[in-house]
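So you can see what is in the structure, the chains are spelled out below.
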Amino acid sequence: MASPEIVRTWFGGNEDAANIYHMLEKLLHVWDDIVDKDKDVSEDAINEAFLICLVYLPANPFYQKIQMAVLPMWITVVSAYHTANKFEKDKDAHGIEISHGLRYAAGNIIAYAIHVCVGAEKAKEFIPEMWKNVVYERFEEYKKSHEANIPLE
């Protein structure tokens, strides 16, 4: 996980943009745990996730700046996440290969925010490392966690 200083660097020192990254990190972990039902999620964590969605993101000045641009992106993020979960539930071997990447679709919103903050050239430097942080679970680990549930073809 990237340090707060590195995250701020990705966003050109924009504290509001860095805060969005940290909020999305919390929100997406809670969302994943609720849907997967693989970890207990505390009432406090659920309440914080709702506060992020309903209060903290909409009140964040940088999010207000990019909100209209990322709104359609959220539709694709939810669609990707839904599809990944369907592949997992269906125990679809090809789908499992695809689903690992789909689960991290919200990273596109973060990549866009970096681009807005630092411009195209600087974003090329930061976005590869950002993706390594967003996609924190390696594919082999993900695959192993699902292999036992996939029928042989």
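You'll find the structure just up there.
A quick note: this is a predicted structure, and the numbers were derived from the prediction, not measured.

Trainee: I tried to follow the overall build of the chain on my own but got confused; where do I start?
Mentor: Of the regular secondary structure elements, the chain holds seven helices and zero strands. Ordered by position from N to C terminus, the α and β elements of the chain give α-α-α-α-α-α-α. Its C-alpha atoms give the chain a radius of gyration of 16 Å, near enough to 15 Å, the size a compact globule of 153 residues would have. Principal axes of the C-alpha set define a box for the chain whose edges measure 50 × 35 × 30 Å. Taking all 153 residues of the chain together, the buried fraction comes to 33%. Sequence-distant contacts, at least 24 apart, represent 65% of the contacts inside the chain between residues at least 6 apart.

Trainee: Even after reading the chapter, I still don't get the side chain of His-100, so can you show me in this structure?
Mentor: For His-100, the location among the structural elements is in helix α5 (residues 93-102). Accessibility expressed as a relative area gives 9% for His-100, which makes it buried. Once residues within four sequence positions are removed from consideration, His-100 is found in contact with Val-135, Glu-137, Arg-138, Phe-139 and Tyr-142.

Trainee: How do you make sense of the nonpolar core when you look at a structure like this?
Mentor: Membership of the largest hydrophobic core comes to 35 residues, with the highest contact counts inside it found for Trp-10, Phe-11, Leu-24, Ile-110, Ile-114 and Met-130. Taken together, the elements giving at least two residues each to this core come down to α1 (4-10), α2 (15-36), α3 (43-59), α4 (61-90) and α6 (107-134). Counting residues per element, this core draws most heavily on α6, which supplies 10 residues. Among residues more than four places away in sequence, those in contact with Phe-11 are Ala-17, Ala-18, Tyr-21, Ile-110, Ala-113, Ile-114, Cys-117 and Val-118.

Trainee: Any chance you could explain the environment of Thr-83 here in plain terms?
Mentor: Tracing the sequence through the fold places Thr-83 in helix α4. The spacing of Thr-83 and Leu-102 is 19 residues in sequence and 7.6 Å in space, taken between C-alpha atoms. A polar atom in the side chain of Thr-83 sits 2.9 Å from the backbone oxygen of Ser-79.

Trainee: What is the right way to read a nonpolar patch on the surface from this model?
Mentor: Among the surface-exposed residues, Phe-50, Leu-51, Leu-54, Val-55 and Tyr-56 lie close enough to one another that they form a single nonpolar patch of about 490 Å² accessible area. Position of Tyr-56 relative to the elements: it lies in helix α3. For Tyr-56, a relative accessible area of 39% corresponds to the partly exposed category.

Trainee: Can you walk me through the side chain of Asn-60 in this structure?
Mentor: For Asn-60, the position within the fold is in the loop between α3 and α4. From its side chain, Asn-60 meets the backbone oxygen of Asp-16 in a polar contact 3.0 Å long. Only 2.9 Å separates the side chain of Asn-60 from the backbone nitrogen of Phe-62, close enough to count as a polar contact. Among all residues touching Asn-60, those that are not within four sequence positions of it are Asp-16, Asn-19, Ile-20 and Met-23.

Conventions adopted
Residues numbered from 1 in each chain as written. Predicted model: local features only at pLDDT ≥ 70, side-chain atom pairs only at ≥ 80, totals over all residues. Heavy atoms only, no water. Helix = DSSP H or I, 4+ residues; strand = E, 2+ residues; numbered from the N terminus. Rg over C-alpha atoms; globule rule 2.2 N^0.38 Å. Buried < 20%, exposed > 50% of the residue type's maximum accessible area, 1.4 Å probe, protein only. Contact = heavy atoms within 4.5 Å. Core = buried A, V, L, I, M, F, W, Y, C linked by side-chain atoms within 4.5 Å. Polar contact = N/O pair within 3.5 Å; in protein donor to acceptor, adjacent residues only side chain to side chain. Patch = residues over 30% accessible without salt bridge, like charges linked within 9 Å, V, L, I, M, F, W, Y side chains within 5 Å. Areas by Shrake-Rupley, 256 points an atom, 1.4 Å probe, with all protein chains shown as cover. Salt bridge = Lys/Arg side-chain N within 4 Å of Asp/Glu carboxyl O.

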